Amino acid sequence: MTEIFGYTACRQLSQMFLAVLFFHSSEYVLVAAIHGRSSVNLSSLLISKAYVFAMMFALLEYVVEIALFPGLKEYWWISNLGLVMVIIGEITRKLAIVTAGQAFTHLIKVNHEDQHNLITHGVYRFVRHPSYTGFLIWSVGTQIMLCNPISTVGFAIVVWRFFAQRIPYEEFFLRQFFGSEYEEYASKTPSGIPFVK
């Protein structure tokens, strides 16, 4: 049991907690700066019961595996790959928020508003939904960083499925708002989520 509190656990868990803390606090600061503090709440910061449950499950998996199979957590190249993914996902998501500015919202807009413009420059040149791409990379990266095989697969499936359902719904309204301009953009630019057109 002493291994649970050893160097490996301290490093990996501190990286995880810092990643989560930075992700949500920077998200809050950016969105509050863009839209005002009154428009930011827990659901707009992607914190839900399902999210808290997933993170708790990941921590439980980590503690059980490091207690029973401590060698599983010692694959530093895997853990470091996860850390790189966390950083790439974080940068991608925050670039998406900053690039979109007033057009970025956590909730899907079903009515066109004046500040809602079609953004096709910056990271949006490469993928239509870079904030989703960033979140997918970041969330899966947190589990790879912990060398959590069950949670890595679980996070990948759940987050992918969430965005696979959300993107068509969101794009229905984007096509309503921007018509042929959005059709042309969508035809040339991938969604940013694997296997989601």
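Residues numbered from 1 in each chain as written. Predicted model: local features only at pLDDT ≥ 70, side-chain atom pairs only at ≥ 80, totals over all residues. Heavy atoms only, no water.

A.B. asks: Would you mind going over the environment of alanine 100 with me for this structure?
C.D. replies: By the element assignment, alanine 100 lies in helix α3 (residues 76–100). C-alpha separation for the pair alanine 100 and leucine 60, spaced 40 residues apart in sequence, amounts to 37 Å. Among all residues touching alanine 100, those that are not within four sequence positions of it are Ile119 and Tyr124. (Helix = DSSP H or I, 4+ residues; strand = E, 2+ residues; numbered from the N terminus. Contact = heavy atoms within 4.5 Å.)

A.B. asks: Looking at this structure, how should I read the pattern of salt bridges?
C.D. replies: Here the idea is simple: oppositely charged side chains can pair when their charged atoms come close. Counted by the stated rule, this structure contains 9 salt bridges. Between glutamate 65 and lysine 73 there is a salt bridge, and its shortest N-O distance comes to 2.6 Å. You'll find glutamate 65 and lysine 73 in the same group, each marked buried. Of the charged contacts, one joins lysine 188 and glutamate 184 as a salt bridge, the two residues approaching to 3.5 Å between their closest N and O atoms. Of this pair, lysine 188 and glutamate 184 both sit in helix α5 (residues 149–188), 4 residues apart, roughly one helical turn. With a relative accessible area of 62%, lysine 188 lands in the exposed category. (Salt bridge = Lys/Arg side-chain N within 4 Å of Asp/Glu carboxyl O. Buried < 20%, exposed > 50% of the residue type's maximum accessible area, 1.4 Å probe, protein only.)

A.B. asks: Honestly, α5 in this entry has me stumped. Any pointers?
C.D. replies: Since there are 3.6 residues in each turn of an α-helix, residues three or four apart along the chain are aligned in direction. For α5, which comprises 40 residues, the first-to-last C-alpha distance of 35 Å sits more than 12% below the rise-based estimate of 58 Å (1.5 Å per residue). Maximal helix bending in α5 amounts to about 125°, located at phenylalanine 178. (Expected span 1.5 Å × (residues − 1). Bend = angle between axes of the 7 residues up to and from the residue.)

A.B. asks: How should the side chain of histidine 116 be read in this particular structure?
C.D. replies: One can find histidine 116 in the loop between α3 and α4 (130–145). With sequence-adjacent residues up to four places away left out, histidine 116 is seen in contact with Ala103, Lys109, Leu174, Phe177 and Phe178.

A.B. asks: Mind showing me how you'd approach the UniProt feature "transmembrane region" (unreviewed entry) in the protein here?
C.D. replies: This chain's UniProt record puts "transmembrane region" (unreviewed entry) on residues 16–34, 46–69, 75–92 and 135–163. Counting secondary structure, residues 75–92 comes out at 94% helix and 0% strand; the distance between its end C-alpha atoms is 26 Å. Regarding residues 135–163, the helix share stands at 90% and the strand share at 0%, and the terminal C-alpha atoms are separated by 10 Å. (UniProt positions renumbered as here; feature names shortened; annotations may be inferred.)

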